[in-house]
Structures are given as C-alpha cells and as structure tokens.
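# Observations on chain architecture
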Amino acid sequence: MVNSIRKWMLLGVLLMTVGACSDDVEPPTNNSEPSDMSDMVVDQTPEPDANNPEEDMGNPPDMVVEPDEGLFDFGEFDFGDEELAVQDILPPSGSVLGGTPFVITGTGFTRDTAVFFGSRQAEAELVNRDLVGQTPPGSAPGPITVKVLDPEGGEVVVDGGFTYTVAMTVDAVSPARVPTSGGIEVEVLGQGFDEDTRVSFGGLTGLSHVLVSETRLRVITPPAPAGVVDVRASSRNATAKLVAGLTYYAPVKVERVRPASGTTAGGDTVTLEGSGFEDSMIVEFNGAAATVVSAAADGTSADVTTPAGAAGLADIRAETDSGADILRDGFFYAAPGEFQIAGVDPAEAPAIGGTKVTIIGSGLDDAALSIEFDSIPATIVESGPGHVVVEVPAHAPGVVDITATSSAGTRTLTDGFTYVENLWIDSVAPNEGEAAGGYDVVITGEGFTGATRVYFGLVQASFVLDSPTQITASAPAHTPGTVDVKVERGSVKASFRDAFTFTEPLEIFGYFPIRGSVAGNTYVEVLGRGFTDGITARFDQNPALAVQVLDSQTLTLRTPPNPTGTVPLVFERGADSATAPTPFTFFNPGARFGGAWGGPIQGAVNVTVYEMGGAPIESAFVMLSTNAQTPYTGYTDANGMVTISGPDVFGEQTITAVAEGYSSASLQRVNAENVTLFLSPPPPPPEGMPPAGPSHTFVGNVTGLDKLAEPGPTQFQMAIVVTTQVDPFTENPDPGGGNVLYDDGPYTLRSRVGDMAVVAYGGLFDNNTQEFTPLYMGIERYQTAADQQTTTVDIDLNIPLDHVLRFKLNQPPRGPNGPTTNEVTPWLDLGFEGVVGGYNVARGDADIIEARHQAELTGVLANASYFVSGGAVTPAIGYPSSLAVKRNVTNINQIIELPPLLGVPTITSPQDFSVPVDRTFIFNTNSTNLPSFYYVRITDFQQTPIWDVFLPGTETSFKLPDFPQFTGPTQPSPYPLGTFVVQIIGIRMANFNYANVSYADLDIGLWDAYSVNVHFVSF
C-alpha cells in the first residue's frame, strides 16, 4: 500500500513547476567519484521520473482511510468461512428496463461474488456484507432466476427470485386542459398501467379510475386551482410522472351583471362577475358586441361598455380561447327612469321557501321597494338599479305572480315563478365506506320522485328510486376523503354537506431507494394507499424527516442519520400502522481510495470528505454544480459525510468540497452515487530529516572489471552495485558510499527490504562528458532482505551489454512551447523481484529511437522482460510532455512499437498569469488520442494544493466552483490572492470507467500513457 501511495505522490513530480528538473546529486567533476546510480546516465539531462517526490511533495498520505471517532462506530467485519447462501432479494420486483437498486442479503459473499438476473450479469458490490447494485435490463416482464456465483463458495440459484414488471410511463393526457371545477373525464396515455394504478393531478388524486388497457386510463379530474400541474401515476410496483402534463383553467362563467340594467342607447359601463375573464375576450349583449374595458388579473370580473339594444331582457355571452358561456336574461334595457321587473333567476324553487332568487328590471334601488310572491312578502337580501336578490317565502306548489312596489308604483311579473314539490335529504347510511366503492348507500328524504341524478362529491352514482322518500345508490369509486351527497330533480337540487367519507386502509407497496448513507438525508419516495396529512414514519425507532404527502398513494421523506444496518420502515396514521415490505439498509459510503463508486445517481449523492492522511473532516462544505446559487449544498457530519438528495438529483453531477484550513477539490461530471474527496491541509513546519525506514545491507566482492575495454585518456573503469526497485517509479533508499568500485573488490550496499536481485554494472566513466557507459552487468537473483540484517553476495560482471533496443513512437506531439524531442527509457523487469535500469535515457528527433547497452534476455535473464517508457518531452523544464508505457516486452530483436501518445493539454484561456473569465479554463490537445481522464491541480509555488479536480477525458474545459458567502461557524477561503500554478495531466488506463474513478487511479504504475503541462493563473 505504501508503495502505491509513493507512486501516487510521483504525480507531484510529473507536474513539477519551479525547480522541477534539478538533480538530487551533484555530478562528479574531474576525478571525483560518483556516489550511486543517480549518475549512471548516458545523457545527463534527467527525465521527470528522476526527481525525488518526497522532497518536492512532502510525506506521502496514507490513503487507507478508517474514519476516526464520529457519529457511529462502523466496526470491522470478520466474515470467517461462511457458506454461500441467499436470504433475501430486495425489492422482489422492478422495471424490465433495469436500473432498480437491489440489496441481496445472505452469507458467504466476497468482493469476487457475481450476481446474474436471468442470463445477464448485474454490477454488484459488497457493502456491509450485502451485495448491492442495480438490475440489468430484462428481456421481458415476468419472474426470472437470480444466480449468485462466487469463485470460492460455489453458486446459489433462486428460481423466481425477481420479477420484471412493465415499465410505467405517463406520456400524455387528453384533453390537456380542464376547468378548475374538475369533474372532467380525461384519458391518461402511457404504459404499465394496471387495475391498481391511480393518477393524481398536482397532488390531488383523480376522483375515479377506469382501466381501459395497460396503455390507457380514464380518470375524472378533481377540482384544483388554475395553473399547470404534474400528472403522476402510481401502482404497486412503479410510479411515473409527466411534468406539466395538465393545465387547469378557470372556465368562462358569467354569473351576473352589475348594474343589471342600462339605457337602450348603450354606452353604459357595467361589470361582469364570474370567472375566466380576459382582456382579449369577446362579449356580446343579444349578439351585439360590447367593448371590454379591462379584466381583473384573477379573471373574476371585467368592466365592459354596453352596446345599444332594444328595450327588454338581453342575453350576455362571453367567449375566450378556453370556451364560452351565456347568461340568459341577465341584463335589462330600459328607458331612463323607468321602473320595471322583467325576469327572475331561478324561475322555480321548492315550496318550503328560503331559496334566493334574483329579479332583473330597472329602478329597483328605490328605498321603498318591496317584493311579494302571490301577495306573500319576500325578504330582500340585496338590491341595485337593475336587480334585487330576495329569499322566496314558502308557498304551495304552483305558478304565482311576482309583484314589485316602489315610490314609482307597482309592477307585476305575471306567472313569473313556479313553486315545486320540496326536495331534501335527511340521512345517508352508511356514512362511510371504502374508496373502491361498489356497495349500497341508502339516502332518505323527501321529494325523490322524478330524481334524475345522484352525486357523491363530483362523481355521479347509479341509483334505484325505492320510494318518494328513499333512494338506494351504489357508491362509486372515489378518492379518500369526505364529500357532499347531492340529489337532483331537474333543475332542483338538494345537498347534504359532508355526508359521506370514503376511507382507505393504510398500506405500503414499496419505496425507492431501499438503502442510503448513514449520514441521513436520503430522499425516499414511497408508494402505497391511504396517505393523508399527519402520517408519520420511522426507521425502527428513529423518526423519518420531512414527511410530505404528494397524493393519497405517494409520499416522500428523508432518512435520519443512523448506524449501518438494516431496519424496518414503519408508517403510522392515527391508530393505524403499516410496515414496508422491504427493510431499509443504512451503509457507509466512504471509499478508502477516494473517488467515485456505486450505481448511477438516482436522487442522491453520498459525499465523504477526508483529509490527506485519512481523518474525516467535519463541517466541510459540499455542493453540487459550480454555481453558488445551487440549492444542493450541505455540511459534513463528524464522520466527514453528507448526503445531498432530492427529486431533481439525477445523472451527471459536479461535486465540490471545501473546508476551513484545507484545499478544495472537485469531481466534474461524474455519474456515481458515492463520492469521496480528499482535501489537503497546509503543510506542517519542517521537522528535520524523517526517520530512516527499514533497510538491509548487502556485502560481497565484484569481479570482472578486467573484461572492460581499455579506458581512454579522460575515462576510468567503474562498477556500481544496486538492488532492483519495486517498480520504475519507486526509488530505493540511499545506497551509501560503498557501492561504487574502481577495481575488482569488496562493496557495501544499503537496500530496501523484501524480495529483490543484486545487480552490478561495469563500464567507463568519462570525466569530460560526465557520462557513464555500462558495458557489462552481473546479477544475483532471488534475494530476500530482512530489516537490520546483512547478506553476502558476490557478483561477477559476466553479461555483456551489447544489445540495441529499437523503439517506434506513435504520433509524438510537438508544440511551440514543447515537447521538443523524443526519448525512451528501458527497465529490466524481473517480476516479483522488481526492476532495474532507467540509466539509459535515449533521445532523438526521429520516431525511431535506439537504446544501446542493453542486456539480452537469455541465461539468468531468460524469464525477464523489459518495461519501457517513451514519448515526447521538453528536457529543459520537464513539461510539456507526453509519454506512453509498454510492459512485458520480450521480443527485443524487432522494432518495439509503443502505444499511441496522448496530445498535450494546453490551456488557451486564460493567458498565462491572467485571471480566468467566469472562473473558466479552456484547453485543447490538438489530438484525436484522448485520455481516460484528466487530473488538474492548482498549487502555490511551494506545491501547497489550492484546488484539484478530476475531469472526463472528453472534456476541453473546467470551471472553478463559485462558492457562496460563508457566514457560518466555519468560513473557508478557497481562492487566496496571488499567482498560482495550474498543473494538468491527461491519463489513459485500460478498462477504465470514469463513474468509478478514484485517487488510486493516480498510481502511475496503472497508466498506459500520460501527458503533462503547466500553466500560471492569478486570483
């Protein structure tokens, strides 16, 4: 693990700026003696890998993150030798389109356990001893076999373990406009509908549902305010939403005109009262156009100027794009000063009296006005110049005159009103029943003979007339709630307010997602029945947060913080309770190597923030997007965790974290539900040399220098003894001064510990050019070095270094600022013993590069191979550069072609040392060879990190986050003033998935190719 981190830290060398290419060891001058392998070069200009990363970057961080004390003890699991077994597959069903998050509980699962749904493998990960993932697409709806396969534990097959369901969609609603009064039947079009599917409009459930087919539902719309609403369909297995699927409009309704009379010449200003009025509507009086002066903003009134008209009653018609309405006999044209009554609305009422009616005429605002129905006085409620509203007196059924008397005289409307048989409702039994309907309800009262319609709320019910005093109605299906019961007999209506309550048992069908972070705040959508305001939920005994009823079959909630584990999800509505069929799983989303993991983002991003070194960072600010106005923000808890969740958090996101006293970090355009970011604290003050690590000592004799050619006048013979390195990117400890010899004889070498080979190179050192030319090597393989131990190994220089390796570079890039030349560096790879070499940095301008003084892969080296790094470089400063890596090269007698080189990322905006516009950086590579991803880091000139970000390899820009004004207890300062270094590296890896990018991917030993550049920016 430590070696892996050292490789990661080498990134600091690849991205060096100031002083990145200085040698760690001064070359010998005159007859001075070289001290170790650091001077074994044919070309003295070192490649970037020759620097010491720890000197430039500080001590490497420990990426193995185990959270410190925090909210919960995550514990350690001891799996032991458990038998492979499956306990539950949750949920038991999901869309045939795939993408349903699942949890498989059981025993014997390992990180190598595979899961198959039918014949298709699901991507699954081991979390809290469970297998979690998302279902693959199914071939057809129906039950399928689930197979769990482990290379060590065998396999478990669960027949019918999961059922694929038809994917639900809501595609359209026809008609797409309905009046606010509701009661209109619409067709909901989509797929995946069944008998249990119910539809809501803006959170209000439809009044009745008729399933026509799996693609068509007929639904009666409920009343709702004017506006555009979402349409949601929910069943036992799925929910789907059509955003802005239905428009409620206020219907045009002319209820009255005030004043209700005017002169025959027209030109009078009157006010229409009702609903749905618009400035652009058409208004007519008996077919003659009136002038619309203005309509109220809420559409409930409009001022118009009357046209000229003949004396008498007039109909008023109003028309908009939403429809038209006519008020019959709603206005009276009269001569100036005339006293008259011309009509009444309504013109009939029950004999019991008390009905309010409006009489239309003129001169009706006289203070002495009185109204009689067949000589019986009526009670005046309201009056004006052209109308009077009265409560009719009781009277036996029949036709009567209406008489109006004022100071101007008496006027009679002959046979103007009809009294009809009384109609009322005394009782409704039973007064409650299930929302499904289909049972008898007995209505008692008076005057039911001739009844034409019965309504429960707005839904019409079938009925049987038992007698003049009893009706038996069949309760219709209706959304839960209390409604009026209404009986109509022609134009006469009787209503019993709040007479019947439709009930529904509390039932939970399922919910999504079925797992979430221990940090809480996961947005959960629940499907069921009987949801009403006041319903509560709890995870075992831990109350759910922000429970919100969307409609009677859908609600949402947020999870509380909770320790890892599986708990029941319980709902309570008054005395009723129901437990979800699937328990909820809380898990720890933190990743030991940082980066991203898990399925696509479907409502939540679980973010963990650690410092370099492993400790969680509490109160770190986390945001989605780079916009300071984003509503999706949060602060980490004591475990360094926060969940940012909501109905709109889907698909690719840019995640950023910052904390007071730390750098900031981002992950751009990633689609993975779990993200871990590492922030860097300020570097600690220097404390002198770090303590030496474990080491071993090799001693022995080197022979064979006499095989070398006779040295020239400026040359002398030299042998250098080294051990293999773990890999080309991990330097050995200082060998000491006893590993360099000028004659056959003894050596002493300090080495690392572990498995290795001891190697001696013999050759000629030229004092003028300061170059060492190796001509022979000797090797003793399969050595094991223990700490503080000494091993004697004698080495004979018996392997001639006379082979020439030829390499072909693939599309080496060039640019005005570099790269300027090509280079190749070969290493001998001895497998578990490590590598040795790196001394022969061969350079040239051609695509074919020769590396001389290499060993044949024969004899003791027969099972070895070559590791090669090569590409286009800028030797003077180390950047820009583009390098590719080829491993396991064994055919060394032909030209060795390296993988295609990446283009060098070059920032074009802002210019060097400029302030970025809108915090945006634009770059290009001028190449079709794209990396798997980019890693960008902004530092000061001492390499102290300011901000870093991962980018997909297809990106050509990145943006610094715009943080809000911090006013809380912690106030980070993300961008200090000054000039800083922008270091950008493109990295290509085999089998790379950006959705699972991690800081471990910064291990250079995993790369196939990489390109590096540097820019300067001011804040």
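Everything numeric in this text was worked out from a predicted model, so none of it was measured.

About the cut-offs
- Residues numbered from 1 in each chain as written.
- Predicted model: local features only at pLDDT ≥ 70, side-chain atom pairs only at ≥ 80, totals over all residues.
- Heavy atoms only, no water.
- Helix = DSSP H or I, 4+ residues; strand = E, 2+ residues; numbered from the N terminus.
- Contact = heavy atoms within 4.5 Å.
- Buried < 20%, exposed > 50% of the residue type's maximum accessible area, 1.4 Å probe, protein only.
- Phe/Tyr/Trp six-rings, centres within 6.5 Å; stacked < 30°, edge-to-face > 60°.
- Pairing = 2+ DSSP bridges.
- Polar contact = N/O pair within 3.5 Å; in protein donor to acceptor, adjacent residues only side chain to side chain.

With respect to the helices and strands, the residue Thr626 is situated in the loop between strand 59 (621–624) and strand 60 (633–635). For Thr626, the contacting residues outside a window of four places in its chain are Thr654, Arg919, Lys959, Leu960, Pro961 and Asp962.

Position of Glu195 relative to the elements: it lies in the loop between strand 12 (185–191) and strand 13 (198–201). You can call Glu195 exposed: its relative accessible area is 67%. Measuring from C-alpha to C-alpha, the distance between Glu195 and Ser213 comes to 9.3 Å, with 18 residues separating the pair along the chain.

Right, let's talk about the packing of aromatic side chains for a bit. Counted according to the given criterion, the structure contains 41 aromatic pairs. Measuring from ring centre to ring centre gives 4.7 Å for Phe678 and Tyr999, while their planes differ by 85 degrees; the resulting arrangement is edge-to-face. Taken together, the positions of Phe678 in strand 64 (residues 674–679) and Tyr999 in the loop between strand 87 (979–988) and strand 88 (1009–1018) put the pair 321 residues apart, joining distant regions of the chain. The buried category is assigned to Phe678, whose relative accessible area is 0%. On the accessibility criterion, Tyr999 (2% relative accessible area) is buried. Look at Phe716 and Phe765: their rings are 5.5 Å apart centre to centre, the planes differ by 35 degrees, and that puts the pair in the tilted class. Here Phe716 is found in strand 66 (residues 715–723), whereas its partner Phe765 is found in strand 69 (residues 754–766), with 49 residues between them in sequence. Comparing Phe716 with Phe765 shows no difference in burial state: the two are buried.

Two pairing modes exist for strands in a sheet, parallel and antiparallel, and in both the strands are linked by backbone hydrogen bonds. With mixed pairing, the 5 strands of this open sheet are ordered in space as 29-36-35-31-32. Across the chains shown, the open sheet's two edge strands, defined by having one partner strand only, are strand 29 (348–350) and strand 32 (376–377). The pairing of strand 35 (residues 398–406) with strand 36 (residues 409–420) spans 8 bridges and is antiparallel. By the bridge assignment for strand 36, Val400 is matched with Phe417.

In this section: unusual backbone geometry. Arg258 connects to Pro259 through a cis peptide bond whose omega is -10 degrees. Inspection of the secondary structure puts Pro259 in the loop between strand 19 (253–258) and strand 20 (261–263). Here the residue pair Gly818 and Pro819 is connected by a cis peptide bond, since its omega of 0 degrees sits within 30 degrees of zero. Relative to the assigned elements, Pro819 resides in the loop between strand 74 (803–810) and strand 75 (821–829). Even without a glycine there, the phi angle at Asp498 is positive, about 50 degrees. The exposure class assigned to Asp498 is exposed, which follows from its relative accessible area of 51%. Even without glycine at this site, Arg919 takes up a positive phi of about 60 degrees. With respect to the secondary-structure elements, Arg919 resides in the loop between strand 82 (906–909) and strand 83 (920–924).

This next bit is on the side chain of Arg529. Structurally, Arg529 is set in strand 48 (residues 523–529). For Arg529, a relative accessible area of 8% corresponds to the buried category. Polar contacts involving the side chain of Arg529 include one to the main-chain carbonyl oxygen of Asp196, which spans 2.2 Å. In this view, Arg529 contacts Asp196, Thr197, Arg198, Glu504, Pro505, Leu506, Glu507, Phe509, Ser552 and Gln553; residues no more than four positions away in its chain are not counted.

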